[in-house]
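# Commentary on secondary and tertiary structure
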Amino acid sequence: MDVALQSIIIPGVAGIGASPLPQLRDQRAHLPVESNGSLLPAELAGLGRDTARRVLPYLTQDRYARAREAVELRTVVLDNGLLRAVFLPGLGGRLYSLTDLATGRELVFTNPVFQPANLAIRDAWFSGGIEWNLGQYGHTCSTCDPLFSGVVRSDGDDAACLRLWEYERQRGLFWQIDFRLPDGQALLEAHVRIVNPHDRAVQLYWWTNAAVPQAEGTRVFSGTRQVVYHDAPARIAWVKAQGLPLNSQSLTRAPNYFGHAELPWFQDGDRVFDATYPLAHNQSAEYFFQLPTTDPAPWEACAQPDGSLFLERSTQPLRFRKMFCWGNHDGGRWWWEFLCRPGEGSYLELQAGLAPTQLHGLAMPASSEVEFTQLFAGAAIDPKQVGGAWEDANRQVFEVVETVLPAAAVAQSDAAARVRARRPVRPEDVLTTGSGWGALEAARAPGTVPEGFVYPADSLGAEQEPWSALLETGRFPGSKKSFLVDPAWRPLLERSLAAERGPAALTHLGCLEWEDLNPDRAEALWREAADLGDRLAMRNLAAASSKKDVAAALDWIERAWRSGGETDDQAYAEEYLALLVAGGRHGDAWRLYQSLPEPARSSEKAKLAAGQAALAVGETAFV
């Protein structure tokens with residue numbers, strides 16, 4: 001297997017920027033998730049647990065363009081003469097393409113453009129390939145961040161595997177993925193290892209999302225007919241039963257509803273259709289295949305009209321599978337074309353996870369590890385064999401799966417991968433560098449970095465600098481570029497405050513307390529910091545008040561706005577405008593927008609708020 005550091009040039013967005021303002025978490029730890037009455041007892045456990053929105057300590061990546069230009073993306077390429085795998089180490093380690101070299105066929109949907117859109121936890125997300133989602137419900141916080149990558153050597157000098165790794169800061173998890181293209185085999189092996197170093201359980205979330213092209217006649221198969229599905233009509237019925245208007249705000253308040261069904265046939269109102277055909281759906285839909293614990297190697301497959309297959313199989317910890325469809329309607333087509341190009345971008349997703357659905361919480365025990373191996377491959381079958389009764393077609397597809405990715409081979413790959421996973425990447429074999437947060441954690445808690453993980457000290461940078469100073473001196477110098485909300489940092493910030501009640505330490509400890517679901521303590525710390533003139537504390541109090549008292553929120557954001565200067569970031573203007581509109585002060589919002597300099601005036605968030613204000617004050621030409 002050859003490993004090469006290369007690059008590609010495609011049309012896309014040059015650079016993704018982040019807002020400097022922390023997005024405060026939902027103070028509900030758990031999202032409201034209900035059964036529509038059909039879920040089985042085993043499917044009820046963990047519904048909604050620890051799935052409410054949170055972003056910190058990461059910042060929102062909401063600054064990117066729609067205008068495209070030629071952009072160069074760094075890649076790591078694996079090639080064994082039969083299969084070529086191209087990864088994007090600067091964009092979450094996304095597998096960009098997987099090519100069968102004998103036929104030239106792309107096994108995954110390879111997006112010819114790079115266009116972010118607001119679909120990830122941190123906003124920016126792009127479509128295509130295979131992504132690796134860890135940490136929190138949603139598209140992972142590392143989606144558009146660089147990862148470490150490097151070559152793990154075997155006992156000789158050959159490349160044993162490509163490793164991608166990082167440190168996940170919301171849960172405090174060490175994680176890595178080892179990739180191999182075994183000699184003489186047209187398959188990709190991915191071995192995932194996640195380590196919880198804490199003396200407490202943490203919530204674990206993992207979903208592998210593979211984008212696969214779709215056409216009329218594309219069909220999905222898996223090892224069971226039993227699925228859990230998202231019941232959108234039940235959610236709408238809840239809104240109507242509450243006497244609320246049917247809009248996005250009301251739907252956000254409504255519980256998510258899930259139901260149990262048996263595929264292939266599915267009833268949507270008066271319509272009964274075969275749901276295993278993604279383009280048969282006239283709205284977005286998702287089905288979670290509930291594979292049994294007795295299956296030694298759970299699997300999923302997608303068949304194209306010409307009989308070509310995409311196959312995926314894993315070891316048992318990765319038990320559940322999902323089919324996601326954008327929906328064959330105007331909205332679905334708009335999304336896949338916007339993320340690609342007009343007339344292009346039609347795909348579905350085959351996903352694999354550790355829990356029954358993405359809205360099921362899963363506890364990872366203290367001082368534990370989770371490991372599993374996934375294999376991906378292409379194959380072919382007689383097209384006539386996949387178009388008939390699903391049960392018969394499923395048996396035919398499974399025979400191909402068992403031939404190409406036999407369960408015994410999956411187990412053998414996993415056993416060997418577990419040994420390799422403990423080998424570190426040598427310094428000279430590091431290909432790309434990730435963040436300095438793993439190195440900072442190693443400095444905070446020496447001896448906790450698990451065997452096989454390497455976080456070079458030279459990866460520490462400007463984001464980690466104030467936190468390194470806190471470790472070394474006991475004083476927090478302040479940071480406007482980065483946040484830490486792990487409770488392990490509480491005593492360090494408190495020690496700094498015992499020496500001096502500085503506004504920066506107060507504000508950051510307030511963020512930690514808010515994220516640890518201590519809102520009263522957080523707001524008390526922010527008020528103390530605000531009295532000392534800390535602008536971010538004022539803004540945080542506005543954000544904390546915005547859902548319950550818009551007038552109070554406006555008082556705080558106005559104080560923050562008045563305390564700014566020539567260096568105002570556009571995020572303050574965006575939030576100030578949104579709160580003015582929410583408070584019905586449309587004239588003030590319109591006048592504020594008119595007074596803004598660039599780039600705040602060109603911000604889409606600012607324009608949307610200004611559009612609502614302009615409509616209210618009669619500035620229809622602007623609208």
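As shown above, the structure is provided for reference.
The structure displayed is predicted, hence computed values, not measured ones. (Residues numbered from 1 in each chain as written. Predicted model: local features only at pLDDT ≥ 70, side-chain atom pairs only at ≥ 80, totals over all residues. Heavy atoms only, no water.)

## Section: the layout of surface pockets
This is how it is decided: In this analysis, the protein atoms alone were mapped onto a 1 Å grid. Cavities are point sets where a 1.4 Å probe fits without being able to get out; pockets are open sets with protein on both sides within 12 Å along at least five of seven lines; lining residues have an atom within 4 Å of a point. Grid points are joined across faces, edges and corners, and a volume is the space filled by probe spheres set on the points. Helix and strand definitions here come from DSSP, where helices need a minimum of 4 consecutive H or I residues and strands a minimum of 2 consecutive E residues; each element is numbered from the N-terminal end. Residues are grouped as follows: Ala, Val, Leu, Ile, Met, Phe, Trp, Tyr, Cys and Pro are nonpolar; Asp, Glu, Lys and Arg are charged; every other residue, Gly included, is polar.
Counted as a void, the second largest pocket has a volume near 500 Å³. In terms of lining residues, the second largest pocket is bounded by 31 residues, among which Y58, R122, D145, R169 and E463 are the most central. Considering each element in turn, the lining of the second largest pocket owes the most residues, three residues, to strand β11 (residues 159–168). Of the residues that constitute the lining of the second largest pocket, the class distribution is 14 nonpolar, nine polar and eight charged.

## A closer look at a nonpolar patch on the surface
Our working definition: Distance thresholds for patches are 9 Å for like charges and 5 Å for nonpolar side chains (Val, Leu, Ile, Met, Phe, Trp, Tyr), applied to residues having over 30% relative accessible area and no salt bridge. Each accessible area is a Shrake-Rupley estimate made with a 1.4 Å probe; only the visible protein chains count as cover when residues are assessed. The term salt bridge refers to a pairing of a side-chain nitrogen on Lys or Arg with a carboxyl oxygen on Asp or Glu at a separation within 4 Å. Partly exposed describes any residue whose relative accessible area lies between the buried limit of under 20% and the exposed limit of over 50%, with all areas from a 1.4 Å probe on protein chains only and scaled to the type maximum.
Taken together, the side chains of L615, F622 and V623 define a hydrophobic patch exposed on the protein surface, amounting to about 290 Å² of accessible area. Accessibility expressed as a relative area gives 55% for V623, which makes it exposed.

## Focus: the state of the cysteines
This is how the line gets drawn: When the sulfur atoms of two cysteines come within 2.5 Å, that pair is taken as a disulfide.
Enumeration according to the criterion identifies zero disulfides in this entry. Of the cysteine sulfurs around C141, a residue in no disulfide, the closest is that of C144, at 11 Å. Free of any disulfide, C340 has its nearest cysteine sulfur in C144, 16 Å distant. Here C340 falls in the buried class, since its relative accessible area comes to 1%.

## Observations concerning the pairing of strand β13 (residues 187–196)
Counted only if it meets this: Only strands that DSSP links by at least two bridges are regarded as paired with each other.
Counting buried residues in β13 gives ten out of ten residues, a clear majority hidden from the surface. A two-sided burial pattern is seen for β13, the buried positions comprising L187, E189, H191, R193 and V195 on one face and L188, A190, V192, I194 and N196 on the other. Two strands pair when backbone bridges link them, and strand β12 (residues 173–180) and β13 are joined in this way by seven bridges, in the antiparallel orientation. Counted as the bridge partner of Q176 is R193 from β13. Where β12 folds back onto β13 in an antiparallel hairpin, the turn is made up of six residues, including G184, whose phi is positive at roughly 75°. Looking at chain direction, β13 and strand β27 (residues 368–380) are connected through ten bridges and run antiparallel. Its bridge partner being in β27, L187 is matched across the sheet by A377.

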